[in-house]
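# Structural overview
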Amino acid sequence: MPLTSHRRLVVSATLIAALAAGVAPATSASAAAPQAPAVPKTADTAPAPDMEGVVAALNAAMANGAPGAMARFSGPGGVQSRAVGVRDRVNGTPMDVRSRFRIGSVSKTFSTVVLLQLVQEGRLTLDSPVNTYLPGLLPDDRITVRHLLTHRSGLADYTDPMFANTVPGFESVRNRVFGYQELVDLSLALPRTTEPGVSYKYSNANFVVVGMLIEKLTGRPVTDAYQRRIFKPLKLRDTSYVHPETRIAGRHVRGYLYPDAAGDPLVDSTEQTVSWAQSAGAVISSPADLNTFTKALMRGRLLSPAMMDAMTTVTPTDATNTRFYGLGLRRYDLSCGAQVYGHTGTVQGFYTYAFSTRDGKRSLSAMANSSNRGAVNTALGGTLEAAFCGKKPAAATASRADRDFSSLPAERDLPERR
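Residues numbered from 1 in each chain as written. Predicted model: local features only at pLDDT ≥ 70, side-chain atom pairs only at ≥ 80, totals over all residues. Heavy atoms only, no water.

Turning to a positive patch on the surface, a few remarks are in order. A contiguous patch of positive charge on the surface is contributed by K235, R237, R299, R301 and K361. Structurally, K361 is set in the loop between β13 (350-357) and β14 (363-368). (Patch = residues over 30% accessible without salt bridge, like charges linked within 9 Å, V, L, I, M, F, W, Y side chains within 5 Å. Areas by Shrake-Rupley, 256 points an atom, 1.4 Å probe, with all protein chains shown as cover. Salt bridge = Lys/Arg side-chain N within 4 Å of Asp/Glu carboxyl O. Lys, Arg positive; Asp, Glu negative; His and termini not counted. Charge placed at Lys NZ, Arg CZ, Asp CG, Glu CD. Helix = DSSP H or I, 4+ residues; strand = E, 2+ residues; numbered from the N terminus.)

Here it is as structure tokens:
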């Protein structure tokens, strides 16, 4: 046999074996091997967004208790926006997609981008212990930077006891200004949730430590890093890190917090320091800016290809085989096979979804102005299916129902009592 033919056979066999080895999906949130980034669908084969379905999801959020909701989709066909209800219950001002609002835990993706840029610059490494950079902060030298970004550190979420009673808990911190160390101490006073690296357990404490790392390595407040590294380069004019100022400047949505007891009045929670979250959740933005951010991130404008591969390598967060987490980034696998990357956000009075396809060609941001109302959050998640999967053929509806993302209860970024 000629040498070149022999080489072809060897290469072909190697490729077949490699492909065969990569088809088994991860199914466990605790012990699954990470999934490498998937090859995205091309925009040419992507379905048109079902904007009627988006509106139906927004209306469902309202039917479940949100005063208003809105969504903005950006894709090859242009921008399409929808809004329902009101952004202010007192004066009845209609919801407006040009308005700013608190994005809650979507802030975690902004914080991750900054930290990964510092990794690119050689200022830290993902698999080094956190205590290498913040000596003595944590009681376990096994906790690495990667464990923080993947919610696998075992650090307890101090917001669980903080908001065990939703409205009293909120009012006790509404105007309070915490130091990072105070929040870490609140976490360390609670039992650890897992051994480092063993399993996924969402905790705001992880991203408080991320903020500490950013400030230690840059020598500047975290707001400076956001501004210089993300907001200014992407021209995100409606996006800011507001702490400890309580106001949302300019045109904005008012947020409403549901009390735990049915029938009690909603609490206007718009103005607060969000000091209990800081780098885990204090960013304010708009639908257009969130579209710009997630698209730019996925297109590689903020991170190197190697960092993007690391960020989008995911492991499951539950047993549905539809929800995954990478580095400060969620991946949701939708019923039509589309995979979208981004983050959810919950802060008192606001639920947010901000997601994009891996090629960055299609993005959706959606918001409802209430919280502590899980049915609202679940309904708002239906905008993802409608926007990225398009209209469902009648014959396919039943067969796809078991994998329909919008039929699953929303993941919680804060404790939910209702």
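Structure's up, so let's keep going.
At the junction of H243 and P244, the peptide bond is cis and its omega measures out at 5° in the coordinates. Along the chain, the position of P244 falls in the loop between β5 (240-241) and β6 (256-257). The backbone of Q278 shows a phi angle near 50°, a positive value even though the residue is not glycine. One can find Q278 in the loop between β7 (267-268) and β8 (283-285).

This brings us to the sheet that holds strand β10 (residues 323-325). If you walk across this open sheet you meet the nine strands as β3-β2-β1-β14-β13-β12-β11-β10-β9, and the pairing is antiparallel. Looking along the sheet, the strands with just one partner apiece sit at the ends: β3 (93-94) and β9 (315-316). In the packing of helix α2 (residues 51-63) onto the sheet, contacts are made with β1 (68-75), β2 (78-88) and β14, and the angle to β2 comes to roughly 15°. (Pairing = 2+ DSSP bridges. Contact = heavy atoms within 4.5 Å. Axes fitted to C-alpha atoms, helices over the stretch in contact; angles between N-to-C directions.)

What follows is about the sheet that holds strand β4 (residues 101-102). The strand order β4-β8-β5 describes an open sheet built from three strands, whose pairing is antiparallel. On the outer flanks of this sheet lie β4 and β5, each paired with one strand and no other. Judged from the two bridges that link them, β5 and β8 form a sheet pairing that is antiparallel. Bridge assignment links S240 to a residue of β8, and that residue is I284.

Moving on to the packing of helix α7 (residues 180-188) against helix α8 (residues 204-218). Viewed as axis vectors pointing N to C, α7 and α8 meet at an angle of 145°, and their least axial separation amounts to 10 Å. Along this stretch, α7 crosses α8, giving a crossing that reads as left-handed. Each of Y180, Q181, L183, V184 and S187 in α7 lies in contact with α8, whose residues at this interface are A205, V208, V209, G211, M212 and E215. Of the residues in the contact of α7 with α8, the class split is seven nonpolar, three polar and one charged. (Left-handed = near helix turned anticlockwise from the far one by under 90°. Nonpolar A, V, L, I, M, F, W, Y, C, P; charged D, E, K, R; others polar.)

Before going further, it helps to examine the packing of aromatic side chains. The relative placement of two aromatic rings is captured by the distance of their centres and the angle of their planes. What the rule picks out here adds up to nine aromatic pairs. The interplanar angle of 80° and the centroid separation of 5.1 Å between the aromatic rings of F163 and W276 together place this pair among those described as edge-to-face. Of this pair, F163 sits in the loop between α5 (159-162) and α6 (166-173) while W276 sits in the loop between β7 and β8, placing them 113 residues apart in sequence. Taken together, F110, Y226, F231, Y241 and F293 form an aromatic cluster joined through their ring pairs. Positioned above the aromatic ring of Y256, the side-chain terminus of R89 is 5.4 Å from the ring centre. (Phe/Tyr/Trp six-rings, centres within 6.5 Å; stacked < 30°, edge-to-face > 60°. Lys NZ or Arg CZ within 6 Å of the ring centre and 35° of its normal.)

Turning our eyes to something else, we now look at the state of the cysteines. The tally for this structure, following the rule as stated, stands at one disulfide. Between the sulfur atoms of C336 and its disulfide partner C389 the distance amounts to 2.1 Å. Judged by the sign of its S-S torsion, about -75°, the cystine formed by C336 and C389 is left-handed. Here C389 lies in helix α12 (residues 374-389) and C336 lies in the loop between β11 (330-333) and β12 (339-347), a separation of 53 residues in the sequence. Overall, C389 belongs to the buried group, its relative accessible area being 4%. (Disulfide = S-S within 2.5 Å. Buried < 20%, exposed > 50% of the residue type's maximum accessible area, 1.4 Å probe, protein only.)

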